[in-house]
Amino acid sequence: MVPISYYLILSGILFACGVTGFLIKRNIISIFMSIELMLNGVNLSFVAFAAQWHALSGQIFVFFVMVVAAAEAAVGLAIIIAVYRTRETLNVDQVDLLKL
Amino acid sequence: MAGAVNLLVQRHPINSALSLVVVMGSLAVEYLLLGAEFVAAVQVIVYAGAIMVLFVFVIMLLNAGEEERTKGSRVAMLFGIPGMLVGSVLVGWVLIERTGTQTVSAGALPGAPRTIGWLLFHNFLLPFEVTSILVLIAIMGAVVLASHPDSDQGKKES
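Residues numbered from 1 in each chain as written. Chains lettered and ligands numbered in written order. Predicted model: local features only at pLDDT ≥ 70, side-chain atom pairs only at ≥ 80, totals over all residues. Heavy atoms only, no water.

Structural notes on the overall build of chain B
Filter applied, for reference: A run of DSSP states H or I qualifies as a helix once it reaches four residues; a run of E qualifies as a strand once it reaches two. Both are numbered from the N-terminal end. We call a residue buried when its accessible area falls under 20% of the maximum for its residue type, exposed when it is over 50%, and partly exposed in between, using a 1.4 Å probe and counting protein chains only. Note on contacts: a residue pair qualifies if any of its non-hydrogen atoms lie within 4.5 Å across the two residues. Computed by Shrake-Rupley with a 1.4 Å probe, the accessible areas treat only the displayed protein chains as cover when residues are assessed.
Scanning chain B from N- to C-terminus turns up seven helices and one strand. Ordering the α and β elements of chain B from the N terminus gives α-α-α-α-β-α-α-α. Relative to its full complement of 158 residues, chain B shows a buried share of 32%. For chain B, long-range pairs separated by at least 24 residues make up 55% of all intrachain contacts whose partners lie at least 6 apart in sequence. For chain B, the accessible area works out to roughly 9,700 Å², and carbon and sulfur atoms hold 73% of it.

Here is the structure:
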């Protein structure tokens, strides 16, 4: 028997780590992984609440979040590859022009 | 709870992807403890499998090295870490204050794939179809974006 607040605190920690990584990382791929981390934290809280209320809709929603995250990862990594082709860098500080 | 510890490892190098895999795996175990078998399986397959392979592949493709410290990164570090600490302390405090001590027993809810599947194809059929279309569009977009702009001969190379 684990109190639900433990799960929520863990998911909050995951989300905070994701936000921190998003802020302090300067590599596009690392920033992207931080976003995945945030999504995972939210998923954990979804599943914890679903377990608390005995409602399966939460798990269904987690499934949809995962699908959207997969699509987002595919498109985002494609964008990263395209950016790298034109800029030859992965540092977001050097990618500050919309047009080369 | 091991996932939170593993996250602190993640701060250092570019192979943070590997520690992210560890986090995904421990989250899957967490879901299993909560009784959400289907979500745990999907977590392992989709996240630890597909997405992380994609990440590692791109990292190797672009041979991303150690990230260099720039001015912007130092400024972000200055504001980011205290902000994160304050935010997480605030969230933890509110959670501890507000939530009662309801406990979730291990394997509390029947998250078997059978029930999930039934629900998915009856009550949530429309969102399911919409996500399928979304994934299709994402695939097309990824292919278009990743292919060379100078049409045919580039496509054969990559």
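Text resumes after the structure shown.
A word on the overall build of chain A
Operational definition: Our radius of gyration looks at C-alpha atoms and nothing else; its globule reference is 2.2 Å times the residue count to the power 0.38.
A tally of helices and strands in chain A yields three helices and one strand. Listing every helix and strand of chain A by position from the N terminus yields β-α-α-α. Taking 2.2 N^0.38 as the reference for a compact globule, 100 residues should give roughly 13 Å; the C-alpha atoms of chain A span a radius of gyration of 17 Å, well beyond that estimate. When its C-alpha atoms are laid out on the principal axes, chain A stretches across 55 × 25 × 15 Å. Counting every position in chain A, which comprises 100 residues, the buried fraction comes to 58%.

Observations regarding the packing of helix H3 (residues 57–87) of chain A against helix H3 (residues 37–61) of chain B
Filter applied, for reference: Lines fitted to the C-alpha atoms define the axes, with helices restricted to the stretch that makes contact. Angles between their N-to-C directions range from 0 to 180 degrees. In these notes the angle categories are as follows: under 35 degrees is roughly parallel, over 145 is roughly antiparallel, 65 to 115 is roughly perpendicular, and the rest is oblique. Under the scheme applied, nonpolar residues are Ala, Val, Leu, Ile, Met, Phe, Trp, Tyr, Cys and Pro; charged residues are Asp, Glu, Lys and Arg; polar residues are all the others, including Gly.
For the pair H3(A) and H3(B), the least separation of the axes is 11 Å and the interaxial angle reads 5°. Classified by the angle between their axes, H3(A) and H3(B) sit roughly parallel to one another. Across the interface between the two elements, A:Gln59, A:Val62, A:Phe63, A:Met66, A:Ala69, A:Ala70, A:Ala73, A:Ala74, A:Leu77, A:Ile80 and A:Ile81 from H3(A) touch B:Phe38, B:Val39, B:Val42, B:Gln43, B:Val46, B:Tyr47, B:Ile51, B:Leu54, B:Phe55, B:Val58 and B:Leu61 from H3(B). Of the residues that constitute the contact of H3(A) with H3(B), the class distribution is 20 nonpolar, two polar and no charged.

Notes on the side chain of A:Asn43
In this structure, A:Asn43 sits in helix H2 (residues 28–53). With near-sequence residues (within four places) excluded, A:Asn43 lies in contact with A:Val62, A:Val65, A:Met66, B:Tyr31 and B:Tyr47.

A closer look at H3(A)
Heads up, the condition is: Each helix should span, by expectation, one fewer than its residue count multiplied by 1.5 Å.
Given a rise of 1.5 Å per residue, 31 residues ought to cover 45 Å, and the 44 Å separating the end C-alpha atoms of H3(A) matches this to within 8%. Note on H3(A): the residue one or two positions beyond its end, A:Glu88, has a positive phi of about 60°.

Comments concerning the nonpolar core
Using the following cut-off: In this description, a nonpolar core means a group of buried Ala, Val, Leu, Ile, Met, Phe, Trp, Tyr and Cys residues linked to one another through side-chain atoms lying within 4.5 Å.
Counting residues in each nonpolar core, the largest one holds 49 residues, and the members touching the most others are A:Met33, A:Ile80, B:Tyr31, B:Met52 and B:Phe55. Looking at this core, the elements with two or more residues in it are helix H1 (4–24), H2 and H3 of chain A together with helix H2 (16–33), H3 and helix H5 (113–122) of chain B. Considering every element that reaches this core, the biggest residue donor is H3(A), with 11 residues.

Structural notes on the environment of A:Glu36
Topologically, A:Glu36 is positioned in helix H2. Other than its neighbours up to four places away in sequence, A:Glu36 contacts A:Ala69, A:Glu72, A:Ala73, B:Tyr47, B:Ile51 and B:Phe55.

Section: the side chain of A:Ser11
In this structure, A:Ser11 sits in helix H1. With residues up to four places along the chain from it excluded, the contact list for A:Ser11 reads A:Gly41, A:Leu44 and A:Ser45.

A few points about a nonpolar patch on the surface
Residue and element names in this part refer to chain A. We count it as follows: By definition, no residue in a patch forms a salt bridge, and every one has over 30% relative accessible area; like charges are joined within 9 Å, nonpolar side chains (Val, Leu, Ile, Met, Phe, Trp, Tyr) within 5 Å. By definition here, a salt bridge exists when the distance from a side-chain nitrogen of Lys or Arg to a carboxyl oxygen of Asp or Glu is within 4 Å.
Taken together, the side chains of Phe15, Val19, Phe22, Leu23 and Val42 present a nonpolar region at the surface, about 360 Å² in accessible area. At four residues, the largest contribution of residues to the nonpolar patch is made by H1. Among the structural elements, valine 19 can be located in helix H1.

Overview of the packing of aromatic side chains
Defined as follows: For this analysis, a ring pair means two rings from Phe, Tyr or Trp (six-membered ring only for Trp) whose centres lie within 6.5 Å, classed as stacked if their planes differ by under 30 degrees, edge-to-face if by over 60, and tilted for the remaining angles.
One pass over the structure, following the stated rule, counts four aromatic pairs over all chains. When the ring of A:Phe63 is compared with that of A:Phe64, the centres are 5.9 Å apart and the planes differ by 55°; the resulting orientation is tilted. A:Phe64 matches A:Phe63 in its accessibility class, with the two residues each being buried. Pairwise contacts between aromatic rings join A:Phe63, A:Phe64 and B:Phe128 into one cluster.

Observations regarding the confidence of the model for chain B
All names here are of chain B. Rules: The quantity known as pLDDT measures the predictor's confidence residue by residue, on a range of 0 to 100.
Across chain B, the average pLDDT comes to 71, with 60% of residues at 70 or higher. For chain B, helix H7 (residues 151–157) is the element with the lowest average pLDDT, namely 48, and helix H6 (residues 125–146) is the one with the highest, namely 85. Here residues 154–158 is modelled with pLDDT under 50, and outside its nearest four sequence neighbours on either side it reaches three contacts, counting other chains as well. Taken over the whole predicted complex, pTM reads 0.77, whereas the ipTM for its chain interfaces reads 0.78.

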